[in-house]
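Here is what each chain is made of, one letter per residue.
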Amino acid sequence: MDEIIGHVYEKVNLPDPQDIQIINRKKPDTPPDKYLPYQNDESLIPPMANFGDGYRYHVTGLVHDETGFPTNDTPQIEAMLTRLNSKLDKYKDEIIAFEETETEDAKIGIVTFGSSSRSSRHALRMARAEGLKVGMIRMQTLWPFPTERIFQLAKQVSHIIVPELNLGQIAHEVEHAARGNSEILRVNRITGDPIPPDEIFAKIKECV
Amino acid sequence: MDYMPYLRKDKFPHIWCEGCGDGIALKAILRAIDNLKLDKDKIAMVSGIGCSSRTPGYVDFNTLHTTHGRAIAFATGLKMARSDLHVIVVTGDGDATAIGGNHLIHAARRNIDLTVLVYNNHIYGMTGGQVSPTTPMGDFATTAPYGGLENTFDIAGLTIAAGASFVARSTVYHTTMLERIIQRAMEKRGFSLVEIMSPCPTAYGKINKRGAPKQLILDQKNQAVRIERSKSMTQQELQGKIITGVLIDRELPEYIQTYDKVIAQAQIR
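It should be emphasised that the depicted structure is a prediction, and the values quoted were computed from it without experimental measurement. Residue positions are given per chain, counted from 1 along the sequence in the order it is written. The order in which chains are written sets their letters, starting at A; the order in which ligands are written sets their numbers, starting at 1. Owing to the predicted nature of the model, reporting of local features is limited to residues with pLDDT of at least 70; listing and counting of side-chain atom pairs is limited to 80 or more, with chain, interface and lining totals taken over all residues. As a convention, hydrogens and water are excluded, and side-chain values are obtained from all of the structure's heavy atoms.

1. Considerations on the packing of helix α2 (residues 71–81) of chain B against helix α4 (residues 101–110) of chain B
Residues and elements named next belong to chain B. Only the contacting stretch of a helix is used when fitting its axis, a line to C-alpha atoms as for every element, and angles between N-to-C directions run 0 to 180 degrees. To qualify as a helix, a DSSP run of H or I must reach at least 4 residues; to qualify as a strand, a run of E must reach at least 2; elements of each kind are numbered from the N terminus. The interhelical angle for the contact between α2 and α4, taken along N-to-C directions, is 35°, at an axis separation of 8 Å. Where α2 crosses over α4, the handedness of that crossing is left-handed. In this structure, α2 uses I72, A73 and T76 to contact α4, whose residues at the interface are H103, L104, A107 and R110. In a left-handed crossing the near helix is turned counterclockwise from the far helix by less than a right angle, and in a right-handed crossing that turn is clockwise. Residue contacts are defined here by distance: any two heavy atoms, one from each residue, within 4.5 Å place the two residues in contact.

Okay, here's the thing in structure tokens:
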């Protein structure tokens, strides 16, 4: 997500390989001559055969119909794009990931992602040490965006601070999600080094 | 031989123009596969974008039509996951040497067991007749209205230098040779590339006033020189000629075999 994440070294604890649950993609149970690789069903996830297992089908990067071959037929194109989009919509609760820190009683929020989360967490501890009720949401995915959760947070807090290592990109999305329920303040830095926690802490104090 | 068992008959007619060499190349591929008696379920044909890259749609194998330039990258992944498959890449000069140039040289350098068939028609045909890395210097294209300014890639030479096991070249006029060298490329373990000279009367021939489609094929007959004969010819005599035949066939370590050894070693540890 940013250069610091790209370069940071940390200790990670990997689970024992035996404890890892492997979920393979759904495989077809239809015979090869009846198989339609992109046939829609309620799950919106068509079973996908492995190459080499007797299903000689076609995969293309072009817009395709349910047989997998390219198509210029507009109803088929709409059906394919609707399925892809609906799939995201249907499973967005499983896809969207974020971590909350002390949001239960928060009066001031921080919404952050990437390495700025570390600066934010430090600032949060500084603020809590002074009795300021600050809570934080660290987004682990940015798309789809946790719009609903940020809307709820915006109704709970007076201000949301958005620290970013750029001139303000995700802040627009946070503003959109907050729908005017809280004031959005930005902390930006383009110097090539991380945001000092003091800068975020100073912004928190402006909100009090 | 009967071609029908290898074709997806409902996908015809094909998109290739009258006088295009791509259909002749397809025929040679199918003959080579038939000679080798390969199981259709164990053949994967991978392509990128362009006229040549539409080939997989017409054949009854496991077929993968990928994004522009990335056929060899996808094929590498497929071969690593399923080394039991014969992975054949069908690509063009633009796809393989411009946008996919890095994939080509590094796959050759790794010497991974793929059969790469590059149809060289000296131009981007499908996408609008733009100049390609193999457009002869000075020849015209829609993006070279005053003639191409750049040197021309020698696809076979580039692949030999990058470290491939097997590299050959044929024109589509020389159908018997084409079939034979494609077959040898498929049999070879390691990175194998066949440069197939396939004329494009529509996008290249017309703008360069090369005459009727038939003429482009006859030109190949006149330009082709077998590698064995070329060795006794001077640089001057070889000007404008197409050197055909098996250009290199050598034994080199193959990537998947080397990789499997590393995996075995890592598991012992």
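2. Remarks on the side chain of S165(B)
All names here are of chain B. Here S165 lies in the loop between α5 (155–162) and β7 (166–171). Among the polar contacts listed, one links the side chain of S165 to the side chain of N111, at a separation of 3.0 Å. Setting aside residues up to four positions removed in sequence, S165 forms contacts with N111, K188, R189, G190, F191, I248, D249, R250 and L252. Think of a polar contact as two N or O atoms within 3.5 Å of one another; within protein, one of them needs to be a possible hydrogen donor and the other a possible acceptor, and neighboring residues in sequence only count if both atoms come from side chains.

3. Structural notes on the pattern of salt bridges
Salt bridge, as used here, is a side-chain nitrogen of Lys or Arg placed within 4 Å of a carboxyl oxygen of Asp or Glu. Summed over the entire model, instances satisfying the criterion amount to 28 salt bridges over all chains. Between D60(B) and R56(A) there is a salt bridge; the shortest N-O distance is 2.9 Å. With D60(B) in the loop between β1 (43–47) and β2 (62–65) and R56(A) in the loop between α1 (3–7) and β1 (58–60), the pair connects residues from two separate chains. Only protein chains enter the accessibility calculation, which uses a 1.4 Å probe; a residue whose area is less than 20% of its type maximum is buried, one above 50% is exposed, and one in between is partly exposed. Owing to a relative accessible area of 27%, R56(A) belongs among the partly exposed residues under this scheme.

4. Focus on the interface of chain B and chain A
The interface is formed by 19 residues belonging to chain B together with 15 residues belonging to chain A. Once two parts are brought into contact, the accessible area they lose, counted with a 1.4 Å probe and summed over both, makes up the buried area. Approximately 1400 Å² of surface area, both sides summed, lies buried where chain B meets chain A, with 51% of it carried by carbon and sulfur atoms. If you sort the residues of chain B by the area they bury against chain A, D41(B), N62(B) and H65(B) come out on top, with a joint share of 35%. Put simply, chain B and chain A have three salt bridges between them. Ranked by residues supplied to the side of chain B that touches chain A, first place goes to β2(B) with four residues. The pairing of β1(A) with β2(B) spans three bridges and is parallel. Along β2(B), the bridge assignment pairs H58(A) with T63(B). Two strands qualify as a pair provided DSSP detects at least 2 bridges between them.

5. Examining the packing of α4(B) against α5(B)
Geometry of a packed helix pair, given as the angle between the helix axes and the separation of the axes. Residues and elements named next belong to chain B. The contact between α4 and α5 brings their axes to 8 Å, and the two run at 45°. One element, α4, and the other, α5, form an angle in the oblique class. Taken as a pair, α4 and α5 cross one another with a handedness that is right-handed. The segment α4 lies against α5, with L104, I105, A108 and R109 engaging L158, T159 and A162. Residues are grouped as follows: nonpolar covers Ala, Val, Leu, Ile, Met, Phe, Trp, Tyr, Cys and Pro; charged covers Asp, Glu, Lys and Arg; every other residue, Gly included, is treated as polar. Looking at the contact of α4 with α5 residue by residue, the classes come out as five nonpolar, one polar and one charged. Relative orientations are named as follows: roughly parallel for angles under 35 degrees, roughly antiparallel for angles over 145 degrees, roughly perpendicular for angles from 65 to 115 degrees, and oblique for any other angle.

6. Regarding unusual backbone geometry
Going from W143(A) to P144(A), the amide bond is cis rather than trans, its omega being 0°. Along the chain, F12(B) connects to P13(B) via a cis peptide bond; the corresponding omega equals 5°. Assignment of secondary structure puts P13(B) in the segment before α1 (22–36). Its identity is not glycine, yet E102(A) carries a phi of approximately 50°, on the positive side. For E102(A), a relative accessible area of 37% gives the class partly exposed. A positive phi angle, near 70°, is found at H122(B), a position not held by glycine. As for its placement among the helices and strands, H122(B) is situated in the loop between β4 (115–120) and β5 (123–124).

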